[in-house]
Amino acid sequence: MTLPAPYAPLVSGGEGLDRYPADPSALGARMAQIYGVAVDQVLPVRGLTHGLELVWRLAAREGRSVQAPDASPYSDLAAIYPASKSEPAAIVIRALGSPEAVAEMAERVAPALLVVDEGLIEFADAASAAALVADHANLVVLRSLSLAYGLAGARVGAAIAQPQTLARLASVLEPYALPEPLVRLAQQALDPSRMLETAERIGGVKRERARLAREIGRLMTVDAGVGPILMARPDDIAATLAELSKYGVAADRSGDRLRLPVSLKPEVNDRLLAALGLTPPRSRPARIGQAVRDTKETRIVCAVDLDSPGPITIHTGVGFFDHMLEQIAAHGGFSLRLSCEGDLHTDPHHTIEDSAIALGQALKQALGERRGIARYGFVLAMDEAEAHIAIDLSGRPYPLFEGTFATPFIGEYRTDLTAHVFRSLAEAMGAAVHVKVTGDDDHHKTEAVYKAFGRALRQAIRIEGDAVPSTKGVL
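Residues numbered from 1 in each chain as written. Predicted model: local features only at pLDDT ≥ 70, side-chain atom pairs only at ≥ 80, totals over all residues. Heavy atoms only, no water.

A.B. asks: Quick question: what am I supposed to make of the sheet that holds strand β8 (residues 229-233) here?
C.D. replies: Think of a sheet as strands paired side by side through backbone hydrogen bonds, with each pair either parallel or antiparallel. The strand order across the open sheet built from 4 strands is β7-β8-β10-β9, with neighbouring strands paired in antiparallel fashion. Both outer strands of the open sheet, β7 (221-223) and β9 (252-254), are each paired with one neighbouring strand and no more. Pairwise comparison of adjacent strand axes, ignoring direction, gives a mean angle of 35 degrees for this sheet. With 4 bridges joining them, β8 and strand β10 (residues 257-261) adopt antiparallel strand pairing. Bridge assignment links M231 to a residue of β10, and that residue is R259. Lying over the sheet, helix α7 (residues 192-216) contacts β7, β8 and β10, oriented at roughly 10 degrees with respect to β8. (Pairing = 2+ DSSP bridges. Helix = DSSP H or I, 4+ residues; strand = E, 2+ residues; numbered from the N terminus. Axes fitted to C-alpha atoms, helices over the stretch in contact; angles between N-to-C directions. Contact = heavy atoms within 4.5 Å.)

A.B. asks: Hey, could you run me through helix α9 (residues 266-275) in this one?
C.D. replies: Among the 10 residues that make up α9, 8 are buried, leaving the element largely enclosed by the rest of the structure. Those residues of α9 not exposed but buried are P266, E267, N269, D270, L272, L273, A274 and A275. Tucked into the core, α9 has its buried residues touching α7, α8 (237-246) and β10. In the stretch just after α9, G277 is the one whose phi turns positive, near 75 degrees. (Buried < 20%, exposed > 50% of the residue type's maximum accessible area, 1.4 Å probe, protein only.)

A.B. asks: So what exactly am I meant to see when it comes to the environment of V172 here?
C.D. replies: Its location among the elements puts V172 in the loop between α5 (163-170) and α6 (180-189). Placed 116 residues apart in sequence, V172 and W56 show a C-alpha to C-alpha distance of 9.7 Å.

A.B. asks: What is the right way to look at the pairing of strand β14 (residues 335-342) in this model?
C.D. replies: Two faces belong to every sheet, and in a regular strand the side chains alternate between them. Most of β14 is tucked away, with 6 of its 8 residues classed as buried. Strand direction decides the pairing type here: strand β12 (residues 298-305) and β14, joined by 8 bridges, are antiparallel. The residue of β14 that forms the bridge with R299 is E341. Where strand β13 (residues 312-315) lies against β14, 4 bridges are found, and the strand directions are parallel. Counted as the bridge partner of I312 is L336 from β14. For the crossover from β13 across helix α10 (residues 319-332) to β14, the handedness is left-handed. (Right-handed = clockwise from strand over helix to strand, strands pointing away.)

A.B. asks: Teacher, can you tell me more about a nonpolar patch on the surface here?
C.D. replies: There is a patch of nonpolar side chains on the surface, built from Y376, F378 and V379 and spanning about 300 Å² of accessible area. Secondary-structure assignment places F378 in strand β15 (residues 376-378). In this structure F378 comes out as exposed when scored by relative accessible area, which is 52%. (Patch = residues over 30% accessible without salt bridge, like charges linked within 9 Å, V, L, I, M, F, W, Y side chains within 5 Å. Areas by Shrake-Rupley, 256 points an atom, 1.4 Å probe, with all protein chains shown as cover. Salt bridge = Lys/Arg side-chain N within 4 Å of Asp/Glu carboxyl O.)

A.B. asks: Got a minute to help me understand the pattern of salt bridges in this structure?
C.D. replies: Pairing between side chains becomes possible if they bear opposite charge and their charged atoms approach one another. Applying the stated rule across the entire model yields 30 salt bridges. Across the salt bridge formed by D294 and R194, the nearest N and O atoms sit 2.6 Å from each other. Residue D294 is found in strand β11 (residues 288-294), and its partner R194 is found in helix α7; the two are separated by 100 residues along the sequence. With a relative accessible area of 38%, D294 lands in the partly exposed category. Notably, a salt bridge pairs R414 with D416, separated by 2.9 Å at the nearest N-O pair. On the basis of relative accessible area, D416 is assigned to the partly exposed category, the value being 47%. Salt bridges here are not isolated pairs; linked through shared partners, they connect R46, E53, R57 and E174.

Function cannot be read off these values alone, since they describe shape.
Written out as structure tokens, the structure is:
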């Protein structure tokens with residue numbers, strides 16, 4: 001029996017760390033959902049390097065070797081795996097998007113393990129080889145949360161294979177291989193509430209990579225990049241590295257090529273282009289904001305871009321509330337992505353309240369120092385209903401709400417929470433938000449308030465110059 005520590009650690013967030021890590025079976029089950037394989041085909045590991053280490057341990061125990069040729073499965077298989085009397089225990093390759101080639105190679109190298117590194121597969125328009133493990137007992141596919149999920153420092157990933165193959169790898173697995181904090185981080189990163197924003201982030205990097213390749217390709221040869229990386233061939237690598245360093249761009253050399261970083265943020269990539277003499281940096285950074293809110297009742301990710309009209313994608317589980325948040329973004333003229341996994345089995349209160357807080361936090365971050373904004377916004381009539389909204393993006397929260405609703409519910413949406421939503425927005429944004437609504441139809445009144453708020457916000461966030469709109473010089 002493994003005894004716990006005699007007391008909890010003197011660290012913040014250390015609850016439960018006085019006990020040894022539990023079997024990461026819940027994490028494995030979630031990974032199986034993400035990767036589209038059976039639960040018994042997933043073994044959580046500490047990233048790609050740990051998965052490879054297990055392969056080397058297994059080979060060492062059997063007194064055999066591991067081959068890791070620097071070639072692609074699209075190449076001539078004989079060149080990758082020449083006839084050998086040593087019969088290596090495993091062949092390690094990197095494959096991005098050719099399951100047919102992987103299947104062919106798995107047949108050729110059997111019974112040796114074919115270990116496929118798919119650490120960058122999410123960034124490629126390609127099919128994963130993970131589905132092939134059902135038909136190939138010698139196939140092991142390694143996946144990682146490092147780059148696609150932003151957990152490079154946490155070192156978490158998975159080996160995907162048939163159960164009997166995973167049992168061989170698990171036989172050389174050290175005790176307590178995955179520390180509890182890593183398991184917690186991975187479970188949070190793979191929570192359903194994160195999938196929408198993760199997909200958008202990956203798509204954003206791919207779009208920026210294509211943009212950089214197009215621009216840099218006018219100056220030098222650019223090889224097709226994978227993940228947040230571009231491979232370029234400047235005439236003078238040393239001089240190019242020195243110039244990039246002046247602009248704070250962390251590139252490095254790989255043989256006769258440069259590895260150039262690709263950021264999700266266009267203004268960061270513009271600095272790379274400027275270092276190469278291609279375009280000046282943007283005069284104004286993109287006004288984007290993101291909030292991650294995890295409580296015992298809700299798990300939320302919210303992202304806004306005040307300078308882009310789309311996309312608008314909202315999933316809270318409360319249909320009418322989704323529609324109302326969509327009204328704010330559409331009439332506000334900005335992009336909004338919000339995903340919430342809440343305790344709707346008890347009541348929609350926590351989902352609605354916490355989503356409003358997360359939206360307010362994201363808007364506050366996007367506004368930054370509020371330089372150049374119009375600051376104030378007003379209006380909205382909707383049939384017989386009339387909503388008056390006054391906004392001051394002053395940085396000082398002050399909510400006021402005047403209006404009543406006779407209908408307790410619109411769908412699953414509680415009308416009494418409308419005032420609560422705008423109070424939460426005002427407090428989280430740091431804004432004065434005054435609301436007054438009248439009318440006969442509670443649906444019209446509610447929708448009018450949300451639309452009017454979006455319209456007022458549209459006016460208030462509009463860029464009119466470069467000065468902070470205050471005689472104090474700061475908001």
